[in-house]
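A look at the structure
Chain by chain, the residues run as shown.
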Amino acid sequence: MTVAAGFLDFTFWGLRQSIVYAGVGHLQLLPVGDDADRTRTRGLGTYDRLGSDVTDGVRAVLDAAPTVEAVAPRLEFQGLVSAGPRTLAFAGIGVDPAAESRLRSLTLLTAGEWFTGAERMPHALVGSGLAHRLGVQPRDVVSLITYSDRGRMTAADVQIGGIFESGVVEYDVRTVLVPLSTARDLTEATGLSGVAVTLRDPSALDDVVGALQRRLAGASIQARVARWDELSPVYASVVRLYQWILRVFVTIVTVVVVLGVANTMSMAVFERTPEVAVLRALGFGPGRIVAMFLLEATTIGLGGSAIGVGSGILACLAISAVGIEMPPPPGHTHGYVAAAHVVPRAIVVAAAIAVGAAILAAVGPSLRSIRGEVADALRAT
Amino acid sequence: MSAVLAIGLRKQFAVAGRTVHAVRDVSFALAPGALCAIVGPSGSGKSTLLALLGGLDVPTWGEVWIGAANVGRMSAARRTRFRAANVGFVFQAHNLVPVLTAAENVALPLTLLPLSARERARRVDALLDDLGLHDLAHHRPAELSGGQQQRVGLARALVTAPALVLADEPTAHLDSRTARDVVEVMRAMNRRRATTIVLATHDVAIDALADEQIALCDGVVARRHERRREPWPSSSSDSPSATCSVTPGVPSLPPPPSRWLSCS
């Protein structure tokens, strides 16, 4: 159970990291009208934007939070990308290259390079799926066409600077990253679609969110703060699913442990029937004898849990040292190397289950041992 | 007052749909400090009678008094407490706790009494000395001979200074020489401590050492014999009567021959 919980904890941690560092960040500042479902289809040129007052208004809060790692402003838009005879729909994101690179540490560049800032013409990074469908390589030039916030059709030629893989197929077949300045030219927007923030210490998330919300409310700024788990509801679904699987697993393990220990305790009580009969004859009451067996069961449970938890911790460390090659999760392009965390809570729960199961398993046999008259028990010996 | 008084004891069991009379209309009285042997062949009801006397079982009919306590009328919990303080048991198969040392086995019944650790240790040491077991105090039962184990069992029975010690076939698993040694030790403790001892046996050699013999046959007292005990040692001047009293209506019989061991 320690290993299973450790493996799941690693899986959850890995999923969190992949969500946060694939571009979502730990939190985002979003326009009030925007909702958490960022995948819905919207009309071209109909965007909710954050005004410049927002970024100015919260800057002090973000600057004051020592745990803030990166603040990445974004400007999202949609349009068509054309490469020669092929034209496809795309989802564009205007980014601050320096901030965004810190926020996308899990994004893999399969060709080309990240924005250098020294490009002579606007550059774009294209998702691998989209690049494949367009048949483009780094240094190729594509045309981006969109409707600006003012309702005008705009276009720009950009050079492919690199091709990236986020690992999420759906994302990689439609995303184009461009510098914020290019996105502003295309959208003619003065505001932003949002600001993504990563934290060095994720445990400070609640504090930072609280501080931002107070600041926004205090200054009557029209924006909302969304946590990463609100922005990726799939995480909660996955965790819920796996936790149910873990619960079923724990239930099965508990039943097996109870049956195993009950068998052991039954044998122990059976083998000691003469001893119990003698103790009863000497004046040991039923309570003392039951307590004696329960104490023994507790000792067995503690010993068993110490061995089990110890072995589990060693197994977790071994798995983490060696790693387990895992296939790509559904919808992803990359597999990953799994490890198993040592989870203190899981260790406590496993130990408690072992001890509790041992005690529970001992109740029946110990009660059986004190049934009937002492003389009958002695005769049975 | 008698140390043990049995009045019209009966014990019936239902076995395979029929009633078995393990003990029928047994009455007798034992004076304090008596050493009484209950003899009879296997199945004659010796162990059942001991169980009734020691409060390990309740009679179907009749009464058992130990001192002023009517044991048969007590609740199970009260009988348990009563046994802890007033009755010691010696078992046929020694029945020592294998994981405990001789001293720990002897100390076991004391854990039920409100005594300090020092007092417990003192009593255990004194008894082990008395029984010549001092050097074996830290040995586990598996490291002791049969006779030594039975001595430890006797020490465990005596350590609470009970009014009554019941021994069920205490020499059954011993060779004749060791058996005689063990019985002599019991006899000596009986004399020295004025403890009433009732032992069940079908060993003819043992009953000769007893003050009184009660022969059971098919659960009924077939014969009864008492002999005058030797005087108490001077240190036991305050010991109770050295003679076995006989319950009215249960006549004394002449010393029996070895045919006691059968119901013929």
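Details of the structure are given in the entry above.
Okay, so let's go over this structure. None of these values were measured; they are calculated from a predicted model. (Residues numbered from 1 in each chain as written. Chains lettered and ligands numbered in written order. Predicted model: local features only at pLDDT ≥ 70, side-chain atom pairs only at ≥ 80, totals over all residues. Heavy atoms only, no water.)

1. Quick notes on the sheet that holds strand S3 (residues 35-39) of chain B
Residues and elements named next belong to chain B. Definition in use: Two strands pair if DSSP finds at least two bridges between them. Helix and strand definitions here come from DSSP, where helices need a minimum of 4 consecutive H or I residues and strands a minimum of 2 consecutive E residues; each element is numbered from the N-terminal end. To obtain an axis, a line is fitted to C-alpha atoms, over the contacting stretch when the element is a helix, and the angle between two such axes runs from 0 to 180 degrees between their N-to-C directions. Whether two residues are in contact is decided by their heavy atoms: any pair within 4.5 Å suffices.
The mixed open sheet is built from six strands, whose spatial order is S6-S7-S8-S3-S9-S10. In the strand order of this sheet, the two ends are held by strand S6 (87-90) and strand S10 (220-226), each with one partner. Ignoring which end each strand starts from, the neighbouring axes of this sheet average 15° apart. Two strands pair when backbone bridges link them, and S6 and strand S7 (residues 164-168) are joined in this way by four bridges, in the parallel orientation. Of the residues in S7, the one forming a bridge with Val-87 is Leu-164. Packed onto the sheet, helix H6 (residues 176-193) meets S3, S7 and strand S8 (196-201) and runs at close to 160° relative to S8.

2. Structural notes on the packing of helix H9 (residues 233-271) of chain A against helix H12 (residues 344-369) of chain A
Residues and elements named next belong to chain A. Rules: In this scheme, roughly parallel covers angles under 35 degrees and roughly antiparallel covers those over 145, while 65 to 115 is roughly perpendicular and the rest are oblique. Should the near helix be turned counterclockwise from the far one by less than a right angle, the crossing is left-handed, whereas a clockwise turn marks it as right-handed. Polarity classes work like this: nonpolar for Ala, Val, Leu, Ile, Met, Phe, Trp, Tyr, Cys and Pro, charged for Asp, Glu, Lys and Arg, and polar for all others, with Gly in that last group.
Following both chains from N to C, one finds H9 and H12 inclined at 40°, their axes separated by 8 Å at the closest point. Looking at the two axes, H9 sits oblique to H12. Seen along the crossing, H9 lies across H12 with a hand that is right-handed. Contacts between H9 and H12 involve Val-250, Thr-254, Val-257, Val-258, Val-261, Ala-262, Met-265, Ser-266 and Val-269 from the first element and Ile-353, Ala-357, Ala-358, Leu-360, Ala-361, Ala-362, Pro-365, Ser-366, Arg-368 and Ser-369 from the second. Along the lines of polarity and charge, the residues of the contact of H9 with H12 split into 14 nonpolar, four polar and one charged.

3. Describing the interface of chain A and chain B
We count it as follows: Once two parts are put together, the accessible area they lose, assessed with a 1.4 Å probe and summed over both, is termed the buried area. Salt bridges are defined as contacts in which a side-chain nitrogen from Lys or Arg sits within 4 Å of a carboxyl oxygen from Asp or Glu.
Taken together, the contacts link 17 residues of chain A with 20 residues of chain B. A buried area of about 1,500 Å², summed over both sides, lies between chain A and chain B, and 64% of it is on carbon and sulfur atoms. Broken down residue by residue, the surface that chain A buries against chain B is led by Val-278, Leu-282 and Glu-373 of chain A, which jointly contribute 34%. For the interface between chain A and chain B, the tally reads zero salt bridges. Elements supplying a minimum of two residues to the side of chain A that touches chain B: helix H10 (273-282) and helix H13 (374-380) of chain A. Of the residues contributing to the side of chain A that touches chain B, the split by class is nine nonpolar, two polar and six charged.

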